[in-house]
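Summary of structural features
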Amino acid sequence: MTIEQFKEKIRTIVKKVYVPRKEDAPVIDFEEFKTFPELRAIIVDLLTKDYGSFIASIDYVAPKPTTFRINLKNGQFFYLVWMERSWIAQVEGKKYYLLNLNEEEHAIEAIARILRYASPEGMEEEDDIAGDTSIETEETEEVETEETE
């Protein structure tokens, strides 16, 4: 087998095996993205392409300045405001001008912090129930030991 034959064989094998990776579609396609396509880009910058795992809904709050409330699945929210030059993220009352890279990083950290505040829907109730039963059994055991003495 010559070098040219070997190269050609590798090319045919690669063409059979290699499948170009399609870009993953977002989990949720919000209605606001159709009207404001720039909004999707900034959300992907702040939350990655997997934003559908974290965002419950998007509310169009005000027309001027264009303001959106991003409602997270854990009950928290933050605002995105479109100004003439860039976006402003308002997380817990603090404004981050996303035109500056360091402020964008701080906004990402602040969003990550509010994502940690509460557990996702359904998880909170199960934890509370389990915690309550363990406390009740401990109290019951203490009461029984006092009565037997």
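Please refer to the structure placed before this passage.
Report on the accompanying structure.

Quick notes on the rules
Within any chain, residue numbers begin from 1 and follow the written order of that chain's sequence. With pLDDT at 70 or above as the cut-off, local features in this predicted model cover only qualifying residues; side-chain atom pairs require 80 or more to be listed or tallied, and sums for whole chains, interfaces and linings still use all residues. No hydrogens and no water enter the side-chain calculation; it runs on all heavy atoms of the structure. For salt bridges, the criterion is a side-chain nitrogen of Lys or Arg within 4 Å of an Asp or Glu carboxyl oxygen. Burial classes follow relative accessibility: with a 1.4 Å probe on protein chains only, a residue under 20% of its type's maximum area counts as buried, one over 50% as exposed, and anything between as partly exposed. Secondary structure follows DSSP: runs of H or I at least 4 residues long count as helices, runs of E at least 2 residues long count as strands, and numbering of each begins at the N terminus. Working definition of a nonpolar core: buried Ala, Val, Leu, Ile, Met, Phe, Trp, Tyr and Cys residues. They are joined through side-chain atoms within 4.5 Å. By definition, residues are in contact when any of their heavy atoms lie within 4.5 Å. Being paired, for any two strands, means DSSP has found at least two bridges between them. For helices, the fitted axis covers only the stretch in contact; all axes are lines through C-alpha atoms, and the angles between them, taken along N-to-C directions, range from 0 to 180 degrees. Patch building starts from residues that exceed 30% relative accessible area and form no salt bridge, then joins like charges within 9 Å and nonpolar side chains (Val, Leu, Ile, Met, Phe, Trp, Tyr) within 5 Å. Calculation of accessible area relied on Shrake-Rupley with a 1.4 Å probe; when residues are assessed, cover is drawn exclusively from the protein chains displayed. Only the six-membered ring of Trp is used, alongside the rings of Phe and Tyr, when aromatic pairs are assigned; centres must lie within 6.5 Å, and planes under 30 degrees apart are stacked while those over 60 apart are edge-to-face, with the rest tilted.

Attention shifts here to the pattern of salt bridges. The final tally for this structure, using the stated rule, is 4 salt bridges. Between E31 and K34 there is a salt bridge; the shortest N-O distance is 3.7 Å. Classification of E31 by relative accessible area gives exposed; the value is 53%. We note a salt bridge from R69 to D59, for which the minimum N-O separation is 3.0 Å. Of this pair, R69 sits in strand β2 (residues 66–72) while D59 sits in strand β1 (residues 55–62), and the two are 10 residues apart along the sequence. Judged by relative accessible area, D59 falls into the partly exposed class, the value being 27%.

Turning to unusual backbone geometry, a few remarks are in order. Here the amide bond leading from K64 into P65 is cis, since omega sits at -15°, within 30 degrees of zero. Note on placement: P65 falls in the loop between β1 and β2. A positive phi angle, near 75°, is found at T48, a position not held by glycine. Structurally, T48 can be placed in the loop between α3 (37–47) and β1.

The biggest cluster of nonpolar side chains holds 25 residues, and the ones touching the most others in it are L39, I43 and L80. Secondary structure elements with two or more residues in this core: α3, β1, β2, β3 (77–82), β4 (87–91) and α4 (101–115). For L39, the contacting residues outside a window of four places in its chain are E32, F33, I58, F68, L80 and W87.

Overall, antiparallel pairing links the 5 strands, which are arranged β1-β2-β3-β4-β5 in an open sheet. Every other strand in the sheet has two partners, leaving β1 and β5 (94–97) as the edge strands with one partner each. Across the sheet, the axes of successive neighbouring strands diverge by a mean angle of 25°, strand direction being ignored. Strand direction decides the pairing type here: β2 and β3, joined by 6 bridges, are antiparallel. Its bridge partner lying in β3, I70 is registered against F78. Seen against the sheet, α3 touches β1, β2, β3 and β4 and runs at an angle of roughly 135° to β3.

Below, the discussion takes up a nonpolar patch on the surface. Side chains of M1, F6, I10, V14 and Y18 sit close together on the surface and give an oily, nonpolar patch of about 570 Å² of accessible area. With respect to the secondary-structure elements, V14 resides in helix α1 (residues 3–17). The class of V14 is partly exposed, set by a relative accessible area of 45%.

Locating E38 in the fold gives a position in helix α3. Along the primary structure E38 and W82 are separated by 44 residues, whereas in three dimensions their C-alpha atoms are 9.4 Å apart.

Let us now look at the packing of aromatic side chains. Summed over the entire model, instances satisfying the criterion amount to 7 aromatic pairs. An angle of 85° between the planes, with centres 5.8 Å apart, marks the rings of F33 and Y51 as edge-to-face. Of this pair, F33 sits in helix α2 (residues 32–35) while Y51 sits in the loop between α3 and β1, and the two are 18 residues apart along the sequence. On the accessibility criterion, Y51 (1% relative accessible area) is buried. On the basis of an interplanar angle of 80° and a centroid distance of 5.5 Å, the ring pair of F77 and Y79 is categorised as edge-to-face. We classify Y79 as partly exposed; its relative accessible area is 22%. In textbook terms, an aromatic cluster arises when at least three aromatic residues are bridged by ring pairs, as seen for F36, Y60, F68, W82 and W87.

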